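# Residue-level structural notes
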Amino acid sequence: MLLNPVISKLAGKRVVLASASPRRQDILSNVGLRFEVVPSWFKETLEKSLFSAPQEYAVETAKQKALEVARRMHMKHRKTPDIVIGADTIVTLEDAILEKPLDKQDAYNMLSRLSGKEHSVFTGVAIVHCKSEKDNQLDTDIVDFYEETKVKFAVLSEDLLWEYIDSGEPMDKAGGYGIQSLGGMLVESVHGDFLNVVGFPLNHFCKKLAEIYYPPSKQSIHRVKHDSIPYVESFENLSDVEKDCSSSKNSDIKKARKDCGNNSCSSGPSLQPTTIIQNGVEKKSENTIQFPSKIIELLDGFKASKTLFAASKLKVFDKLKDKGALKAMDIADKINASVHGTERLLDACVALGLLEKTHQVYSNTELANTFLVSDAEFSVHGYIIHSNDHLWSHYTHLESAVVEGINYHHKAHGQTAEHVHGPEVKERYMRAMHCTLKITARDVATAFDLSKYSTACDLGGCTGALAHELSWIYPEMKVKVFDLPEVIKNVTQFQPEKSDSTRIIFTSGNFLDDALPKADLYILSRVLHDLLEDKLHHLLRKVSEACSPGNSALLIAEIVLDEEKREPRALLQSLSMSGGKQRSGTEYKQLLESHGFNRVQIKNTGNLLDAILAVKR
Ligand SMILES: Cc1cn([C@@H]2O[C@H](COP(=O)(O)OP(=O)(O)OP(=O)(O)O)[C@@H](O)[C@H]2O)c(=O)[nH]c1=O
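Rules of the game
- Residues numbered from 1 in each chain as written.
- Predicted model: local features only at pLDDT ≥ 70, side-chain atom pairs only at ≥ 80, totals over all residues.
- Heavy atoms only, no water.
- UniProt positions renumbered as here; feature names shortened; annotations may be inferred.
- Helix = DSSP H or I, 4+ residues; strand = E, 2+ residues; numbered from the N terminus.
- Buried < 20%, exposed > 50% of the residue type's maximum accessible area, 1.4 Å probe, protein only.
- Contact = heavy atoms within 4.5 Å.
- Areas by Shrake-Rupley, 256 points an atom, 1.4 Å probe, with all protein chains shown as cover.
- Near = heavy atom within 4 Å.
- Polar contact = N/O pair within 3.5 Å; in protein donor to acceptor, adjacent residues only side chain to side chain.
- Pairing = 2+ DSSP bridges.
- Axes fitted to C-alpha atoms, helices over the stretch in contact; angles between N-to-C directions.
- 1 Å grid on protein atoms, 1.4 Å probe; cavity = no way out; pocket = protein on both sides within 12 Å on 5 of 7 lines; lining within 4 Å.
- Points joined across faces, edges and corners; volume = space filled by probe spheres on them.
- Nonpolar A, V, L, I, M, F, W, Y, C, P; charged D, E, K, R; others polar.

The name recorded for the chain in an unreviewed UniProt entry is Acetylserotonin O-methyltransferase-like protein, from Staurois parvus. In its Cofactor (unreviewed entry) section, UniProt records this for the chain: "a divalent metal cation".

As structure tokens, this is what we get:
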């Protein structure tokens, strides 16, 4: 809250971003702004020669984009937004204004002009405050500004230029490049706000909001500087600043706040203290609470999860990866779904930053290509499907599970044991484990220097994702994956093309009942948290007996809770666990010490799993 006081001022207002640019959506949602996305239909065709400077063109275009959306929303739905934000980014070089390239040749012309030179990137921004007048006319007050950033390109070879153009990246970007992605490789230096180049000058925007919402009062002019984003202890402290709307020195802001003084200072449903004049008597509302954005975020969280699940289950991201970009109608056809339903799902995915949409055509974001396409190297598709098909119903039955205090796997699924443990379910579980381990394996394998161990045995190592990572990082290490026969029989499909079968060996067995294979390093990844106490101690006793002092060790990959046990991921996950528990670092230390591991190191990796190395001295 302290970090984003000005952004928080928009909470409770109906804010609309009049932009289809996924980058603008990301920049604003990353700082906690809640808004709807309504792309503008305004055609960027203003006559450039009418403007005395290119930045004026960008500001005017931004203004027209926002106004078009404000008017359309007001007319069509009679649901007038409180604030509409529009933006326009242009690249300028020697008086020429470069917008988005029309085709590859146009991209080539732009990029070859930029090669080896410094150019300016201007983003014009318009913040349009809307109000419905009594006769249902739309009244607007506009605050606008622009930001300039200077960018210098390296000298680009023809090959590099064409390779970059063929990547497809330039096509929806001003100047034909994306500094935040591959285009970053073309850039030698940047002077000014980086996000301004990406499409939205966040810092300047916050300063403008500060000017609008915290104009300096006569008394407190020393507290709020016009060119700084205010630091506040709490919003109550600001109320005296807010009340004195008339003291604003900035004329365009005065206009935006012209109704101040005879009614509420804000145009949206605000829970800030307000001063109301009724029959000539001034009343101050008692209400000083903030808009409960945190609660609303939690409340709505399940809708976002389910949107991600449905799009993944219907393979939307796979179809878009194959085809590049498609219209809603074509995606609906490919996933065998209704056009109307598909369109809603796709738009929701755009709003969540999973898809991009330009002129009614959808494509995957980089995030989706990297993590959501089912056969991508670091895909979390398997984990999503497991969450949708399995975990979701656990949480649906959470109240009764809490009341009855039972293991509710069967209750949640209303299925027979055969169904719960059937081959399909097992395969789905393996996929979920595989993708979780794929994205965590590097951090777990490098949390400690394990190079002195020449043989490792991953107990319950499933598809071998961690084993492969270990053998890649430690070329001298041989790794045995020890898991149940029904797991081992299905591991082939998960092996990378170039896997060295002499260094990674799969062995069937049950780590609770069978003798453990000999190894210098034992690994228990995502095993301990799930075991009931008696099985947990039985397993640790076996591992401890197999470890010789000084020569061998136990590597554990688990979520390690903070000492106060407030880490939400682990705690939320534990709600769906059938037995076992999540532990803090101290609890893991005590547990391992009780089994003779007298040197325990813990590394919080920042990834899905942390790492613990336990050694007997
Ligand atoms: C230089 C540069 C630009 N862009 C993107 O270029 C588009 C500009 O076009 P616009 O006309 O301002 O916006 P739009 O994409 O057409 O969206 P809209 O606001 O609906 O007009 C915006 O997307 C920006 O992010 C990048 O992503 N990275 C960069 O380094």
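### Focus: the overall build of the chain
Across its full length, the chain holds 24 helices and 21 strands. Expressed as a percentage of the 617 residues in the chain, the buried residues total 48%. Sequence-distant contacts, at least 24 apart, represent 67% of the contacts inside the chain between residues at least 6 apart. Total accessible area on the chain stands at roughly 30400 Å², and carbon and sulfur atoms take up 52% of it.

### A short note on the site of the ligand
Within the structure, the ligand sits among 21 residues, and Ser19, Arg24, Lys65, Lys100 and Val198 are positioned closest to it. In this structure, an oxygen atom belonging to the ligand sits 2.6 Å away from a side-chain N or O atom of serine 19. About the coverage of the ligand: the protein hides 95% of its 600 Å² of free accessible area. Of all the elements, strand β3 (residues 83–93) adds the most residues to the shell around the ligand, at 3 residues.

### Re the pairing of β3
Of all 11 residues making up β3, 11 are buried, and the element is well covered by its neighbours. Note that strand β1 (residues 15–17) and β3 share 3 bridges and pair parallel. Across the sheet, the residue bridging to valine 15 is isoleucine 83, located in β3. Two strands pair when backbone bridges link them, and β3 and strand β5 (residues 118–132) are joined in this way by 10 bridges, in the antiparallel orientation. Along β5, the bridge assignment pairs threonine 89 with threonine 123. As paired strands, β3 and strand β4 (residues 96–98) are joined by 3 bridges and run antiparallel to one another. Note on β4: the bridge partner recorded for valine 91 is leucine 98. Hairpin connection, β3 to β4: the antiparallel pair is bridged by 2 residues, and glutamate 94 has positive phi, about 45°.

### A look at the sheet that holds strand β14 (residues 478–483)
Backbone hydrogen bonds are what pair the strands of a sheet, in a parallel or an antiparallel way. Here 7 strands make up an open sheet; going across it, the order is β15-β14-β13-β16-β17-β21-β20 and the pairing mixed. Across the chains shown, the open sheet's two edge strands, defined by having one partner strand only, are β15 (504–508) and β20 (599–603). Within the sheet, the average angular offset between the axes of one strand and its neighbour, ignoring direction, is 20°. The sheet contact formed by strand β13 (residues 455–459) and strand β16 (residues 521–525) spans 4 bridges and is parallel. Bridging from a neighbouring strand, aspartate 458 pairs with isoleucine 523 of β16. In this fold helix α20 (residues 465–473) packs onto β13, β14, β15 and β16, with an angle of close to 170° to the strand it touches most, β14.

### What to know about empty space enclosed by the protein
Taken as a whole, this structure holds 2 cavities of 30 Å³ or more when the rule is applied. Roughly 70 Å³ of internal volume is contained in the second largest cavity. Along the walls of the second largest cavity sit Tyr383, Thr436, Arg526, His529, Glu558, Ile559, Arg569, Gln573, Gln582, Leu608 and Leu609, which together make up its complete lining. Looking at the lining of the second largest cavity residue by residue, the class counts come to 4 nonpolar, 4 polar and 3 charged.

### Quick look at the environment of cysteine 206
As for its position among the elements, cysteine 206 is in helix α7 (residues 202–213). When the C-alpha atoms of cysteine 206 and isoleucine 7 are compared, they prove to be 7.0 Å apart, with 199 residues separating the residues in sequence.

### Considerations on the environment of leucine 524
As for its position among the elements, leucine 524 is in strand β16. Residue leucine 524 is classed as buried on the basis of its relative accessible area, which comes to 0%. For the pair formed by leucine 524 and leucine 555, sequence separation is 31 residues and the distance between their alpha carbons is 6.4 Å. With residues up to four places along the chain from it excluded, the contact list for leucine 524 reads Leu459, Leu539, Leu540, Leu554, Leu555, Ile556 and Ala557.

### Overview of the side chain of lysine 173
Mapped onto the fold, lysine 173 is located in the loop between α5 (158–166) and β7 (187–191). Given the relative accessible area of 11%, lysine 173 is considered buried. For lysine 173, the side chain forms a polar contact with the main-chain oxygen of glutamate 169, separated by 3.0 Å. Discounting residues that sit within four places of it in the chain, lysine 173 has contacts with Arg23, Glu99, Lys100, Pro101, Gly178 and Gln180.

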